[in-house]
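Residues per chain are reported as follows:
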Amino acid sequence: MKKSLPISVCILISLALVVFGLCFGTVRGYNADREQVTALLGGDNGLMDVLSFRGADGHNLCVVARRHLTASPEVDELSRIATILTDDTQPLSEKKLENDCLDAAVLAVKAELGGSESYLQSQRDQKYVAMLEGDLKNLSAADKGSLYNQAAQQFNEKLNAPVSGWIAGLLGVKPCELYQ
Amino acid sequence: MKKWICGILSLMLVLCSTAALAAARMPQSRGVLTDDADVLSAAVSAAITEYAGDVENEVDVNLHVAIVHFFDGLDAQTFANRLFEKWELGKEDLLLVCAAGEDSFATALGSEVEKELGKQNVDNLLYTSSEFSAHIARQEYDLAFAKYFAAFNELINKRFDSSVTLPKTLASVGSYNGGAVQEYQSQPSGLGGLWNQITSGVAGEREDTVYMPSLWTQTVQGVVDNSADYTHYTEQDSSNGIGVGGWIILIILILIIFSQSHPVRKAKRSYRKSGGSKPLGWIGALIGLSVLSKLFRK
């Protein structure tokens, strides 16, 4: 003869299943949202890649500038900024700081190049500088930093919202780091 | 012993520093020749592709050439090695990379090619045998590649004891000596690609437009697409939770649990005894509706 379950046990098991369903669903949903925000930061062509490409343009400009300028502090400074932007191990806050200085450093190098006779005679390098400036501008135009910050802020606010946010937080869903 | 430890530590340091470098923009393979910098003429480009086919058929070496404007802060050899990996090249592949804006270049070889030709011999082609480096420094790209492949052809014929011949275009361009460069470049077919034309003013580029290599344009497009993916996701109805299917499975599980409870079993037995056979009545008994209705009647 089969054993029957007391109704109280059935109710408890059902409640446990419902709670599991709620928690699992909440964590799954929050993780999916977080994944999307993370893709904006570290995904292919995300914010980290944009910073890295801007750093790469900085390095490329240094290559062009060093053909005409020897021992230039402006080029050294640009190279330092570019190195930080292309270094995966640097924290996001550090990259933000250096990215904010990149455009000024590029302008300083360009101004320095303007005083170089060999640069003024090199149509090729003038085109390269224009090309690199254009690429830096195009990469900035996407305004990836603002979009990421907006997305991260929205996610963090959602994570602080009552019940579902608290459950997700308790079950290990972490807030997103802001680009600041 | 100390030397060994120092060697291992240096190697680890080099590996770590390389790994720390973020991804450089690398072109997608377009076959034998990927001229993202657009510096080679159509005739030389076609001849390189033709020659690569001949080399593959004769000696089983697959040639690949990638030309970009810059290496994005990487040194030439690191860029070559990474591109070799990215393009998933194998034992019989040889990759020659060149950055037109840096006057820099390197080769990456598959293990079989390295065994047959030797890395040193292949690198010598770049610096001494072919005057490749000198022509690259003078932005004579057609000539540089034609001379390189002429020297490369000699090397493979010697090493493999083969008789691969250069396509006519490569042979004729490669046979120009220093004094004849001007003569070669003045021929309409000898003008390099778009970049050469722009820098020599032939293309008549407008002042307000800036030439952009396709690799960079694609990268910027990729950045825009990445943002669009997120916007698209947020515009969709967010399906947080376990979904309708999940809830249905959960309800079925709960019903199965309840059907094993004492009162439901009792109800099912009494329903069967009363001769009930309608499907709805049976299902109602199964999920314990009869028990609930009895409770309400009380």
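Residues numbered from 1 in each chain as written. Chains lettered and ligands numbered in written order. Predicted model: local features only at pLDDT ≥ 70, side-chain atom pairs only at ≥ 80, totals over all residues. Heavy atoms only, no water.

Asker: Outline the overall build of chain B, supporting the account with residue identities and numerical values.
Answerer: A tally of regular secondary structure across chain B gives 15 helices and 4 strands. For chain B, the residues scored as buried account for 44% of the 298 residues in total. At a minimum sequence separation of 6, the contacts of chain B that also span at least 24 residues come to 64%. Here chain B displays about 16,000 Å² of accessible surface, and carbon together with sulfur accounts for 58% of that area. (Helix = DSSP H or I, 4+ residues; strand = E, 2+ residues; numbered from the N terminus. Buried < 20%, exposed > 50% of the residue type's maximum accessible area, 1.4 Å probe, protein only. Contact = heavy atoms within 4.5 Å. Areas by Shrake-Rupley, 256 points an atom, 1.4 Å probe, with all protein chains shown as cover.)

Asker: Describe the environment of B:Val68, naming the residues involved and giving the relevant values.
Answerer: All names here are of chain B. Tracing the chain through its elements places Val68 in strand S2 (residues 62-68). Spatially, the C-alpha atoms of Val68 and Glu102 are 9.5 Å apart, while their sequence positions differ by 34 residues. Aside from chain neighbours lying at most four places away, what touches Val68 is Pro27, Asp36, Ala37, Phe79, Cys98, Ala99, Ala100 and Leu215.

Asker: Quick one: what's the story with the packing of aromatic side chains, residue by residue and with numbers?
Answerer: One pass over the structure, following the stated rule, counts 13 aromatic pairs over all chains. Considering the side-chain rings of B:Tyr148 and B:Phe149, the 5.2 Å spacing of their centres and the 80 degrees angle between planes classify their relative orientation as edge-to-face. Here B:Phe149 falls in the buried class, since its relative accessible area comes to 1%. Among the aromatic residues, those joined into a cluster by ring pairs are B:Tyr51, B:Phe105, B:Tyr127, B:Phe132, B:Phe145, B:Tyr148, B:Phe149 and B:Phe152. Note that A:Lys158 overlies the ring of A:Tyr30, its terminal NZ or CZ placed 5.2 Å from the centroid. (Phe/Tyr/Trp six-rings, centres within 6.5 Å; stacked < 30°, edge-to-face > 60°. Lys NZ or Arg CZ within 6 Å of the ring centre and 35° of its normal.)

Asker: Outline the interface of chain B and chain A, supporting the account with residue identities and numerical values.
Answerer: With 51 residues of chain B at the interface, the matching set in chain A holds 59 residues. Both sides of the chain B and chain A interface together cover about 4,500 Å² of buried area, and 62% of this is carbon and sulfur. Here B:Arg25 ties to A:Asp57 by a salt bridge, and the two come within 2.7 Å at their closest N and O atoms. Counting across the chain B and chain A interface gives 14 residue pairs in polar contact (both at pLDDT 80 or more). Secondary-structure elements contributing two or more residues to the side of chain B that touches chain A are helix H1 (2-20), helix H10 (194-199), helix H11 (214-235), helix H12 (243-259) and helix H13 (262-273) of chain B. The dominant element in the side of chain B that touches chain A, judged by the number of residues it contributes, is H11(B), at 10 residues. The residue inventory of the side of chain B that touches chain A, partitioned by class, reads 28 nonpolar, 16 polar and 7 charged. (Buried area = accessible area lost by both parts, 1.4 Å probe. Salt bridge = Lys/Arg side-chain N within 4 Å of Asp/Glu carboxyl O. Polar contact = N/O pair within 3.5 Å; in protein donor to acceptor, adjacent residues only side chain to side chain. Nonpolar A, V, L, I, M, F, W, Y, C, P; charged D, E, K, R; others polar.)

Treat this as a map of the structure, not an account of what it does.
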